[in-house]
Amino acid sequence: MRLILAVLIFSFMVNAKESPMKFLREQALQNQKKFKYNRYESIISGGLAFIVGNIGYYGTDSSTLKVAYSGIQTIGILNVGQGIYDYYRPVFDTELYLALREPKTAPKRIIKVFAQEEKAKRLSLLYKSSLLATQYFANAFLGDTDDSLKDVYTFLGGVNLIVVGYATFYKDKYEEYYYSNYLTPSVFRMKDSFVAGLSYTKSF
Amino acid sequence: MNKTLVLFLLWGFSQIALCHPLTTIIKPRYGINQVGTQDTCGIFFGRRNSVLCNPANLSLNSEEGLVFSLISKTDGDSVEAGQDVLFSPIDKEFLEDLFELNSFNSWEAGSMLEFQTPFFYLSYEPVYAQAAFFIFNPASPEISLTTSKQRKINLTVAEQIKLGSHEYHFGLNTFYYERDYFSGSFSLFELSSSSVDELVDLKASSAINADLGVIYQNKSIRWLPSLSLQYKNFGAKHEVNSERLKDEKALEPILLYETFFKAEFGYDFKMYYGSLAAAVGIYTDKDIATYYSDFTTLSLGYSLWNFEVLGSYSLYTHTAGIKFSSSANSVGIVYGRTKALGDFLDDYEDFAIVNLEIYL
């Protein structure tokens, strides 16, 4: 009976689920930013698409191929936007693991990670919409473009311009809180005296 | 080993096909990778479309999702005339008009809805269409016309076996198709004496066929090339009309609907700056008795994240293309030159093919 009990306990120990903290630590160590070839791949392939798309668009007389090259221009800009997001975004698992390991700094670290995520999304949207608006207006007004396509490009350029305005001025709550600039009254201790004044804080 | 090599070379040099076929650039179940490499992309591993190059690639590919794709030959008078053959009602006036066009005209296009999981791959082609015609002997005009429309549903499964450092991947693509097909010739004078239905008799057919694929790779011996073998359209009743292949005034599509064998070997190097692949593809008939040497193809592909460059060379067709993808869609463009009728046509036809994929 003891032997059976010992075997059962041993088998439960072998198959037992690892602790949540251990699991999180493993994920934190594994889940670094992943790339297929290298960290610049999205920016390089996006930039190439942007260049090839523009050379092709202004080099062809065919309206079908113009639309196809316009698609490549758009893909290039979207990939550059993805590259910007990948550059700025935090690695969630690592940050959450560090927050749990150091409970004193946890609130600040959690706010920071959400703020970084929001900032990465906003900057990606801002840059890609700016480039898309410029690209579509250039397609509409430079080069030999059909009138029907000109209207489509002007409309798409306008839509992206509105998105640029939104992404420039609107910050979500975590980003607004963490990256906000603020002035506070402060008292500084000098050598022999105290000096009262205002301090300006800016987070990057 | 040496004996085998000598026998293979003797077979290769002695079995050169004496035919003058029509080559189609876009075939059923094609994406831009197939067009850009003339379907010599079986060992281009890790690309999204690799399962279309060889069904065995499914066991090497972990991608999943729903994709709608559209591929079409674009531009030129040749394309417009080809589209008219497929989409205009074929009557006497229309056929008479064809005799006034360029000597060779063709158009091809396909669309596909693909659902891929790591376990199976399901695709539906609502329409694949090709049309081509050639006008022989302007003094007494005779037209050779081939046209087909097809819809098809495919189910692909694959499995891999590892024996030490040897990796074998086996794939099976089973498909059901419904097709209207015509390949024939008639003269301008026959138009006055016969009805259009007699001259252009579209034959309807439907059946279940399969593509069988095997891939071999050995990652520990770097100099050993990877190998891709395919038996295409296994069980097909469609036969290439050998009389028309020998006829000097006939178009006959080849390597399209009939059963044939395809072998590829080459290398796919994964580097810090992307993935570079090169392959050689050879085709034979279903009995592996006739080697279609005219269609032996050399292909190259370079891939970096969502960017691909493709190129290929065969005796009558040369292609160069690019493909760019984002998380939502991809656009591919291939430029090429082809002698669609081989040595029968002195001039090369320039073409451009556009592929759009939307990731749903």
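Details of the structure are given in the entry above.
First, a word on what this report is: a plain description of the structure on this page. (Residues numbered from 1 in each chain as written. Chains lettered and ligands numbered in written order. Predicted model: local features only at pLDDT ≥ 70, side-chain atom pairs only at ≥ 80, totals over all residues.)

1. Digging into the interface of chain B and chain A
Step number 1: Contacts between the two partners involve 20 residues from chain B, matched on the other side by 21 residues from chain A.
Step number 2: Elements with a minimum of two residues in the side of chain B that touches chain A: strand E12 (317-325), strand E13 (329-338) and strand E14 (349-359) of chain B.
Step number 3: Residues of the side of chain B that touches chain A, tallied by class, amount to 12 nonpolar, seven polar and one charged. (Contact = placed C-beta atoms within 7 Å. Helix = DSSP H or I, 4+ residues; strand = E, 2+ residues; numbered from the N terminus. Nonpolar A, V, L, I, M, F, W, Y, C, P; charged D, E, K, R; others polar.)

2. Points about the environment of Glu108(B)
Residues and elements named next belong to chain B.
Step number 1: Structurally, Glu108 is set in strand E2 (residues 104-116).
Step number 2: Look at Glu108 and you get buried, because 24 C-beta atoms sit within 10 Å.
Step number 3: Between the alpha carbons of Glu108 and Leu60 there is a distance of 30 Å; along the sequence they are 48 residues apart.
Step number 4: In this structure Glu108 touches Thr24, Ile25, Ile26, Lys73 and Gln130, once residues within four positions along its chain are discounted. (Buried ≥ 20, exposed ≤ 12 C-beta atoms within 10 Å, placed from the backbone.)

3. Quick notes on unusual backbone geometry
Residues and elements named next belong to chain B.
Step number 1: Its identity is not glycine, yet Gln38 carries a phi of approximately 55°, on the positive side.
Step number 2: The topology assignment puts Gln38 in the loop between helix H2 (32-36) and helix H3 (50-53).
Step number 3: You will see that Asp39, though not glycine, has its phi angle at about 70°, which is positive.
Step number 4: You can see Asp39 is positioned in the loop between H2 and H3.
Step number 5: C-beta crowding within 10 Å serves as the criterion here: with 25 such atoms nearby, Asp39 is assigned to the buried category.

4. Regarding helix H4 (residues 63-88) of chain A
Turn by turn, an α-helix covers 3.6 residues, leaving residues three or four places apart pointing in a common direction.
Step number 1: Look at H4(A): 38 Å from first C-alpha to last across 26 residues, which is about the 38 Å you get at 1.5 Å a residue.
Step number 2: Along H4(A), 19 of the 26 residues are buried, which leaves the element largely enclosed by surrounding structure. (Expected span 1.5 Å × (residues − 1).)

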